[in-house]
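In case you want the letters, here they are:
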Amino acid sequence: MDAYYQAVQAFPSWLAHPLARLPADVTGQIHEIRLRTGCPPEVTLPGKRCALRELPECPEGLRTLKLTQLQLEEILDTLCGGSLHTHQAELAHGYLTTASGCRVGVAGRYAADTGQEPVLQQVKSLNFRIARAVSISLPQVLCNILQAPFTGLLVVGPPDSGKTTLLRQIARWLAEHGRAVAVADERGELFPPGAETPAGLDCLSGLPKGQAVQMALRTLAPQVILLDELGGMEEVRALEQGFFSGVDFLASLHASSAEDAFRRPQVQALQKSGMLHALVVLEGCTAPGVIREVWML
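Owing to the predicted nature of the structure, the values given are computational and were not obtained by experimental measurement.

Reading the values: rules and limits
Numbering of residues starts from 1 in every chain and runs along the sequence as written. At least 70 in pLDDT is required for a residue's local features to be given in this predicted model, at least 80 for side-chain atom pairs to be given and counted, and no such filter applies to totals for whole chains, interfaces and linings, which use all residues. To get the side-chain values, take all heavy atoms of the structure and skip hydrogens and water. For the purposes of this entry, the term helix denotes a DSSP run of H or I that reaches at least four residues, the term strand denotes a run of E that reaches at least two, and both are numbered from the N terminus. Radius of gyration here uses only the C-alpha atoms, and the compact-globule reference equals 2.2 Å multiplied by the residue count raised to the power 0.38. Partly exposed describes any residue whose relative accessible area lies between the buried limit of under 20% and the exposed limit of over 50%, with all areas from a 1.4 Å probe on protein chains only and scaled to the type maximum. Working definition of a nonpolar core: buried Ala, Val, Leu, Ile, Met, Phe, Trp, Tyr and Cys residues. They are joined through side-chain atoms within 4.5 Å. Contacts between residues were defined by any pair of non-hydrogen atoms, one from each residue, lying within 4.5 Å. In this scheme, strands are said to pair when DSSP sees at least two bridges between them. Fitting a line to C-alpha atoms yields each axis, with helices limited to the stretch in contact; the angle taken between N-to-C directions then spans 0 to 180 degrees. For Phe, Tyr and Trp, where Trp contributes only its six-membered ring, two rings pair if their centres lie within 6.5 Å, and the inter-plane angle classes them as stacked under 30 degrees, edge-to-face over 60, or tilted in between. The length a helix should cover is 1.5 Å for every residue beyond the first. Residues are said to line a cavity or pocket when one of their atoms sits within 4 Å of a point; the points come from a 1 Å grid over protein atoms alone, cavities being sets where a 1.4 Å probe fits but cannot get out and pockets being open sets with protein on both sides within 12 Å along at least five of seven lines. Grid points are joined across faces, edges and corners, and a volume is the space filled by probe spheres set on the points. Throughout, the ten residues Ala, Val, Leu, Ile, Met, Phe, Trp, Tyr, Cys and Pro are labelled nonpolar, Asp, Glu, Lys and Arg are labelled charged, and all others, Gly among them, are labelled polar. Oblique is the label for any angle not under 35 degrees, not over 145, and not in the 65 to 115 range, which are roughly parallel, roughly antiparallel and roughly perpendicular in turn. With the far helix as reference, a near helix turned anticlockwise by less than a right angle produces a left-handed crossing, and one turned clockwise produces a right-handed crossing.

(A) Broad picture of the overall build of the protein chain. Each helix and strand in the protein chain was counted, giving twelve helices and 13 strands. At 20 Å, the protein chain has a C-alpha radius of gyration in line with the 19 Å of a compact globule built from 297 residues. Viewed in the frame of its principal axes, the protein chain has a C-alpha envelope of about 55 × 45 × 35 Å. A buried classification covers 48% of the 297 residues belonging to the protein chain.

The following block contains the structure:
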């Protein structure tokens, strides 16, 4: 069964049941389900977004649906298992992770006191991303890089280009070839809660990536540190501690091209420190996980 059908069971039944009636040839292409107050549900297909009602296979119950504020609040509450408080730390950063490992982006009105985490007061939209375990073969050029100490490698691409899928496969490949790999999986996207973590991997989830990197360096003696979505400079500084200890790193980065990546301050800092050895650029959302080019630095 495609992961889509398992994922939509996280919604209230009045939404889950019609979504589950979509045929497999359609659901296999759906990357995201977007829900907004006052709007019909939308889906993201390869290279485009469209309203569900525009699909010929759309069940009748979804064709006329425009979500009310109460319906969106019910959806959020159901996705949180009836306890928004349990997910408050995630919601403070604009997302939550479902039991099946799907990440849900959350937008709306937040309130924050000085020095306190923001608190979601009213939800206005949800972006539900379908988490799929996709197996891909690593090209030989990438395997050649990974076989020896590689210092630092970035996987670059726009949203939905398969960065997480490629990182997950790289982590498995490194573990299978005897490298001790520590994964900083802040949002539980690389290896979702409840999913089996491959042998040879140590996974730290639910922590800010910079903190997880520091903990891994102190306690897990990794040879490689892997993290999804390289963020601020604090994460670069954490990786720098590993660099001076001889630990390689892998990370993904949102950018549409190598040129765009080189403009990012994080990448410039990695280059200045001599920490970046290779840049792997992905083709894009029309060919997830496919490598367009590899830059050796």
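(B) The arrangement of the nonpolar core in detail. In terms of nonpolar packing, the biggest core is built from 37 residues, with F11, I33 and L126 touching the most fellow members. The set of elements that each furnish at least two residues to this core consists of α1 (3-7), α2 (13-20), β1 (32-36), β2 (42-45), α5 (69-79), β5 (103-111) and β6 (119-129). Excluding residues that lie within four positions of it along the chain, I33 makes contacts with Y4, V8, F11, L19, E42, V43, L126, N127, F128 and I130. Within the second largest apolar cluster, 28 residues are counted, among which are V156, L230, L253 and A258.

(C) Spotlight on the pairing of β6. Examined bridge by bridge, β1 and β6 share five bridges and lie antiparallel to one another. Within β6, the residue paired with I33 across the bridge is F128. As judged from the eight bridges shared by β5 and β6, these two strands associate in the antiparallel manner. Residue pairing across strands places V106 opposite L126, the latter belonging to β6.

(D) Fine view of the sheet that holds strand β3 (residues 48-51). What the six strands build is an open sheet, ordered β3-β2-β1-β6-β5-β4; its pairing is antiparallel. At either end of the open sheet lies a strand with only one pairing partner, and these are β3 and β4 (95-97). If you compare each strand with its neighbour and ignore which way they point, the axes differ by 30 degrees on average.

(E) Fine view of the packing of aromatic side chains. The final tally for this structure, using the stated rule, is four aromatic pairs. With centroids separated by 5.4 Å and ring planes inclined at 65 degrees, the aromatic side chains of F262 and W295 adopt a geometry described as edge-to-face. Here F262 is found in helix α11 (residues 258-262), whereas its partner W295 is found in strand β13 (residues 291-296), with 33 residues between them in sequence. What makes W295 partly exposed here is its relative accessible area of 29%.

(F) Representation of helix α8 (residues 163-176). Compared with an ideal rise of 1.5 Å per residue, which puts 14 residues at 20 Å, α8 spans 20 Å between its outermost C-alpha atoms and is within 8% of the ideal. For α8, the set of buried residues is K163, T164, T165, L166, L167, R168, Q169, I170, A171, W173, L174 and A175. Of the residues flanking the end of α8, it is G178, one or two places downstream, whose phi is positive at about 85 degrees.

(G) Broad picture of the sheet that holds strand β7 (residues 152-157). Sheet architecture is open: seven strands sit in the order β9-β8-β10-β11-β7-β12-β13, paired in mixed fashion. The sheet is open, and its two edges are formed by β9 (201-205) and β13, each paired on a single side. With strand direction ignored, the average angle separating the axes of adjacent strands in the sheet is 15 degrees. Looking at chain direction, strand β12 (residues 278-282) and β13 are connected through five bridges and run antiparallel. By the bridge assignment for β13, A278 is matched with M296.

(H) Structural detail: the layout of surface pockets. There is about 320 Å³ of room inside the second largest pocket. Lining the second largest pocket are 19 residues, and of these E90, Y95, E186, G206 and L207 sit closest to its centre. Here the residues of the lining of the second largest pocket sort into eight nonpolar, six polar and five charged.

(I) Inspection of the environment of R218 at higher detail. Structurally, R218 is set in helix α9 (residues 209-219). Look at R218 and you get exposed, because its relative accessible area is 62%. R218 sits 177 residues away from P41 along the chain, and the two C-alpha atoms are 46 Å apart.

(J) Spatial organisation of empty space enclosed by the protein. Taken as a whole, this structure holds two cavities of 30 Å³ or more when the rule is applied. Reported here for the largest cavity is a volume of approximately 70 Å³. In this structure, the largest cavity is lined by R103, D185, E186, R187, E189, K209, D228 and E229. Of the residues assigned to the lining of the largest cavity, the class counts are no nonpolar, no polar and eight charged. Estimated volume of the second largest cavity: approximately 40 Å³. Taken together, V213, I225, A238, L239, G242, F243, V247, D248 and F249 make up the full set of residues lining the second largest cavity.

(K) Focus on the packing of α9 against helix α10 (residues 233-243). Two numbers describe how α9 lies on α10: the axes approach to 8 Å, and their chain directions differ by 15 degrees. Judged on the interaxial angle alone, α10 and α9 are roughly parallel. As α9 packs across α10, the resulting crossing turns out to be left-handed. Each of K209, G210, V213, Q214 and L217 in α9 lies in contact with α10, whose residues at this interface are E235, A238, L239, Q241 and G242. The class makeup of the residues in the contact of α9 with α10 is four nonpolar, four polar and two charged.

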